[in-house]
Amino acid sequence: MKTRFKPKFNIRKGDKVVVITGDDKDLTKTRTVKKVLVDQSRVIVEGVNVVTKHTKPSAQNTKGGIVKMEAPIHISNVMLWDAKEKAPAKIKRVRENGKTVRISKKSGDKI
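Notes on the structure follow. Keep in mind the model is a prediction, meaning the values are calculated, not measured.

Cut-off values and rules
- Residues numbered from 1 in each chain as written.
- Predicted model: local features only at pLDDT ≥ 70, side-chain atom pairs only at ≥ 80, totals over all residues.
- Heavy atoms only, no water.
- Helix = DSSP H or I, 4+ residues; strand = E, 2+ residues; numbered from the N terminus.
- Rg over C-alpha atoms; globule rule 2.2 N^0.38 Å.
- Buried < 20%, exposed > 50% of the residue type's maximum accessible area, 1.4 Å probe, protein only.
- Contact = heavy atoms within 4.5 Å.
- Areas by Shrake-Rupley, 256 points an atom, 1.4 Å probe, with all protein chains shown as cover.
- Patch = residues over 30% accessible without salt bridge, like charges linked within 9 Å, V, L, I, M, F, W, Y side chains within 5 Å.
- Salt bridge = Lys/Arg side-chain N within 4 Å of Asp/Glu carboxyl O.
- Lys, Arg positive; Asp, Glu negative; His and termini not counted.
- Charge placed at Lys NZ, Arg CZ, Asp CG, Glu CD.
- Core = buried A, V, L, I, M, F, W, Y, C linked by side-chain atoms within 4.5 Å.
- Pairing = 2+ DSSP bridges.

**Comments concerning the overall build of the protein chain**
Counting secondary structure elements, the protein chain contains 0 helices and 10 strands. Traced from its N-terminal end to its C-terminal end, the protein chain shows the element sequence β-β-β-β-β-β-β-β-β-β. Radius of gyration (C-alpha) of the protein chain: 17 Å, far over the 13 Å computed for a compact globule of 111 residues. By the burial criterion, 28% of the 111 residues in the protein chain qualify as buried. Considering only intrachain contacts with a sequence separation of at least 6, the fraction spanning at least 24 residues in the protein chain is 38%. Accessible surface computed for the protein chain: about 8,100 Å², of which carbon and sulfur atoms make up 50%.

**A short note on a positive patch on the surface**
A cluster of basic residues, Lys8, Arg12, Arg93 and Arg95, forms a positive patch on the protein surface. In this fold, Lys8 is placed in the segment before β1 (16-19).

**Concerning the nonpolar core**
Counting residues in each nonpolar core, the largest one holds 12 residues, listed as Ile11, Val17, Val19, Val33, Val43, Val45, Val48, Ile73, Ile75, Val78, Leu80 and Ile91. Only β1, β3 (42-45) and β7 (78-82) provide two or more residues apiece to this core. Discounting chain neighbours no more than four positions away, the residues touching Val33 are Ile11, Arg12, Lys13, Gly14, Asp15, Val17, Val43 and Ile44.

**Structural notes on the pairing of strand β9 (residues 91-96)**
Bridge count between β9 and strand β10 (residues 99-104): 6 bridges; the pairing is antiparallel. Counted as the bridge partner of Lys92 is Ile103 from β10. The turn linking β9 back onto β10 is made up of 2 residues, and Asn97 within it adopts a positive phi angle of 55 degrees.

Dropping the structure here:
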């Protein structure tokens with residue numbers, strides 16, 4: 001993504017999210033974000049979009065073989081989970097004491 005300004009996303013590493021579209025869609029099962037790839041607008045979510053990768057033998061992995069790993073999905077396909085409401089929720093940002101705080105629009109609680 002070639003842009004002048006770095007995009008700001010409401011999802012961070014370690015957040016609980018639900019997948020709202022795609023093959024792994026499940027609006028009741030929460031999953032954890034492993035990594036956010038800001039430049040590509042993608043996230044790696046635990047247990048979602050699992051692909052098999054064939055690896056050659058190397059110094060770290062002497063055997064090689066087939067490895068199952070999570071591939072990134074687009075950030076628009078996931079939504080933050082509101083634990084209080086037990087449902088996916090949209091987020092608004094509010095400045096408090098010079099810091100930006102994420103607040104759920106459904107319950108009004110900090111995330």
